[in-house]
Protein chains: 2
Amino acid sequence: MGRLVMKFGGTSVADIDKIRNVARHVKREVDAGHEVAVVVSAMAGKTNELVAWCAQAAGDAPGHNSASYDPKEYDAVVASGEQVTSGLLAITLQAMGLRARSWQGWQIPIRTSDAHGSARILEIDGDGLISRFQDHKEVAVIAGFPGIEPAGGRISTLGRGGSDTSAVAIAAAVKADRCDIYTDVDGVYTCDPRVVPRARRLDRIAFEDMLELASQGAKVLQVRSVELGMAYRMPIFVRSSFDRPEDIDPAATPPGTLICAEEEIMESHVVTGIAFSRDEAQISVRHVEDRPGIAAAIFGPLAEANINVDMIVQNVSEDGRTTDLTFTVPAADHARAKATISTAKDHIGYARLDTATDVSKISVIGSGMRSHAGVAAMAFRALAERDINIRAITTSEIKFSLLIDSAYTELAVRILHTLYGLDQV
Amino acid sequence: MGRLVMKFGGTSVADIDKIRNVARHVKREVDAGHEVAVVVSAMAGKTNELVAWCAQAAGDAPGHNSASYDPKEYDAVVASGEQVTSGLLAITLQAMGLRARSWQGWQIPIRTSDAHGSARILEIDGDGLISRFQDHKEVAVIAGFPGIEPAGGRISTLGRGGSDTSAVAIAAAVKADRCDIYTDVDGVYTCDPRVVPRARRLDRIAFEDMLELASQGAKVLQVRSVELGMAYRMPIFVRSSFDRPEDIDPAATPPGTLICAEEEIMESHVVTGIAFSRDEAQISVRHVEDRPGIAAAIFGPLAEANINVDMIVQNVSEDGRTTDLTFTVPAADHARAKATISTAKDHIGYARLDTATDVSKISVIGSGMRSHAGVAAMAFRALAERDINIRAITTSEIKFSLLIDSAYTELAVRILHTLYGLDQV
């Protein structure tokens, strides 16, 4: 017997039939002897409807996005979506003979910062939930994503998609054994299966590796929920919401991926997965003076222009006086970034600006790299054999990233996937 | 300058355009220098949708009404409707340049009994609202109808239509000068204008008279809201939500009816209004023994059968041994009531049962009757002159009711309307 948090997104609770399906998943876990807290989102489409009403009320034309209305009221309006689902699921569970009750963020409470619309969780009081588990054998149905801002006593929300994060935070607060995230994919893969058909679902992945994979574009889970899981060492199990509850063998390990601490992964591969992103632009600043403050002179104006800089590569200068500095930005920001650097030319002091769009970044991720030398060198060799030119390289402890021409993205990704033994057999 | 509570029902906030219209009404009062709390219902149709989902979640077939699901969860689900409207109206008011914020029942708090789904208000803490009026010049937008049950900390609701009642209760809590109820009629009339075309809108009506009118079938306001207004001496102004805000002259008295204490009504008529109800059935129990306990023997079984008895007339017995006892029930319950009394015949002991359907009850209401003799006698005479037979009579301090054949309902109502000087001139 254990304690389990189960999280279901909007498409899993889109109507009463789907809510009933969720209830059957919950019943399966309760019947297996677990104490269960369920975290639910608003019914699919509801949040969009509520957001649109807020914009209209503020006088925005439909489709217009720069709404500047009171985020406290936005939170009060959109939080109602999760409130409805939590009550309906509680009723459904009760109709199946289970004890259940709904919990709103302010009832638990889930205390958050006052950044309405994108609040951060400060503290969750899990004692009330735990005592209900123990004294009432009751399933807690929790509206995922709204909380309460303690000073003002107002409803807050974590921002769109914040329910992954609140599920993990609740799991930590109630000292759960695991947090199950039911999603529209059946787990985390070594690479995007649409690009690499032989991509394998990982049975387990370390928090660190998942963080790199998630922020590199694997859109399975919110980055913040993984950070939280790592901080609280809360295992997160990613599994499919499409599995029919009646088809699941409670004795067997269900299909899915467990995100957990590195030491809980026995059969450790050196490389865990490969992520990539197209739509990068590369900007090389040639012959800048090699002096303190030069990086600030370049990246200060870019930050002020709200341009997100990703890779940064600066080589040790050959002559001790000038050096080349390369960085990447989203392709959509290429022209703005170029203009920003050109405007600051006198202040920075450089000889030439070389830029390229149509480049891709490929990241090879694996916490096993820490103890293995030569992992990156294998990649350089394999790509060179196929005449794929590497424009730039950055490395960290558990990852290295390569910038290449976009045209070679799929080829390079597949070569590396095979090279590191990630292919399905 | 005064303090005002304004209440708008579901049809007044059915979409964003209608909410904007409500906001203009609010702005008009704020511009006139008032401190304003607005009480809003859910957008029209929303509550029905939420109630239907609860029933479906509980496994009820659509249209099936005997849902037996947890009323605590029902309350959590349906309360979301008012939450949405309160946030949207606050956003709309802010977009018009007013300071405004939404308040949920648990934030104020509105403390209620634990009778979920039909809770009674126990206490409203008005201090928070009052200090926001004074310190922030802020409009309070209050979700009308949900509260909080203090022991469990759960959301409660007052039951369908409870927002009239919560508006008056909030007005009392914030020591408002008046509670304005915006409805789909423009006030309280001396009689139903569909039956009496010359019915007049009353400028003022005493709480007592309104209570009688409301419970006799004038469906302008909930009876409980009038009771509450009377208990707290809170003037309630019934006015039309269809009046366009821009057409209203802030200096003039708007069309509508003020429900207030008797002593605030100067031009007092003896009779205030006339109410009637068709669909009554009359049951006369002939020659029952005139002994203690006989009324209990008759009405006990009816109460157990859940039959609502209205008029009861028992005459002083002629011979000191037997008497006749007449009462009315809703026409729909006629057969059941007759069967119930027949079954209990041996226990009651009576000679004969005379019953009639197709009878109507006409009530003449006026707190001025207290100080005027012969008011009812005028009616007896006027009806006799037209050969309208009176089957039974009951009287109270401020009302008398007559039972007549249904066919004469409209005629009798119009005769009495003219007789007591209620006709529009």
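Residues numbered from 1 in each chain as written. Chains lettered and ligands numbered in written order. Predicted model: local features only at pLDDT ≥ 70, side-chain atom pairs only at ≥ 80, totals over all residues. Heavy atoms only, no water.

Novice: A description of the environment of A:Gln83 should follow, citing residues and the corresponding values.
Specialist: Here A:Gln83 shows up in helix H3 (residues 71–95). For the pair formed by A:Gln83 and A:Val141, sequence separation is 58 residues and the distance between their alpha carbons is 9.9 Å. The contacts of A:Gln83, once residues within four sequence positions are left out, are A:Gln104, A:Ala143, B:Ala76, B:Ala79, B:Ser80, B:Gln83 and B:Ile155. (Helix = DSSP H or I, 4+ residues; strand = E, 2+ residues; numbered from the N terminus. Contact = heavy atoms within 4.5 Å.)

Novice: Give me the lowdown on the sheet that holds strand S1 (residues 3–8) of chain A, citing residues and values where you can.
Specialist: Sheet strands pair via backbone hydrogen bonds, and the direction of the pair is either parallel or antiparallel. Residue and element names in this part refer to chain A. Here 8 strands make up an open sheet; going across it, the order is S3-S6-S2-S1-S9-S11-S12-S10 and the pairing mixed. Whereas interior strands pair on both sides, the edge strands pair on one side only; in this sheet they are strand S3 (100–103) and strand S10 (204–206). Taking the axes of each pair of neighbouring strands and ignoring which way they run, one obtains an average angle of 20° across the sheet. Bridge count for strand S11 (residues 236–240) against strand S12 (residues 257–260) is 3 bridges, and the pairing is antiparallel. Directly across from Phe237, in S12, lies its bridge partner Leu258. Taken strand by strand, helix H6 (residues 207–215) contacts S10, S11 and S12, and its axis lies near 85° from that of S10. (Pairing = 2+ DSSP bridges. Axes fitted to C-alpha atoms, helices over the stretch in contact; angles between N-to-C directions.)

Novice: So what about the relation of the copies chain A and chain B? Which residues, and what values?
Specialist: The two copies are related by a screw motion: chain A maps onto chain B through a turn of 179° and a shift of 0.1 Å along the axis, at an RMSD of 0.2 Å. One copy is carried onto the other by what is essentially a two-fold rotation axis. Taking C-alpha positions as the reference, the residue of chain A nearest the rotation axis is A:Ser80, at 2.7 Å. When the interface residues of chain A are mapped onto chain B, 100% of them are again interface residues, pointing to one common binding face. (Least-squares fit on C-alpha atoms with pLDDT ≥ 70 in both.)

Novice: If you had to explain the environment of A:Asp203 to someone new, which residues and values would you point to?
Specialist: All names here are of chain A. As for its placement among the helices and strands, Asp203 is situated in the loop between strand S9 (178–183) and S10. Since its relative accessible area comes to 52%, Asp203 is described here as exposed. Along the chain, Asp203 and Ile265 lie 62 residues apart, while their C-alpha atoms are 9.3 Å from each other. (Buried < 20%, exposed > 50% of the residue type's maximum accessible area, 1.4 Å probe, protein only.)

Novice: Residues and numbers for the interface of chain A and chain B, please.
Specialist: One widely used convention gives an interface's size as the accessible area the parts lose upon coming together. Contact with chain A, which involves 40 residues of that partner, is made by 40 residues of chain B. For the pair chain A and chain B, the two sides together bury roughly 3100 Å², of which 63% comes from carbon and sulfur. Here chain A and chain B share 0 salt bridges between them. Here chain A and chain B share 10 residue pairs in polar contact (both at pLDDT 80 or more) between them. For the side of chain A that touches chain B, the secondary-structure elements that each account for two or more residues are helix H1 (16–31), helix H2 (46–57), H3, S3 and strand S8 (154–157) of chain A. It is H3(A) that provides the largest number of residues to the side of chain A that touches chain B, a total of 15 residues. The residue inventory of the side of chain A that touches chain B, partitioned by class, reads 21 nonpolar, 12 polar and 7 charged. (Buried area = accessible area lost by both parts, 1.4 Å probe. Salt bridge = Lys/Arg side-chain N within 4 Å of Asp/Glu carboxyl O. Polar contact = N/O pair within 3.5 Å; in protein donor to acceptor, adjacent residues only side chain to side chain. Nonpolar A, V, L, I, M, F, W, Y, C, P; charged D, E, K, R; others polar.)

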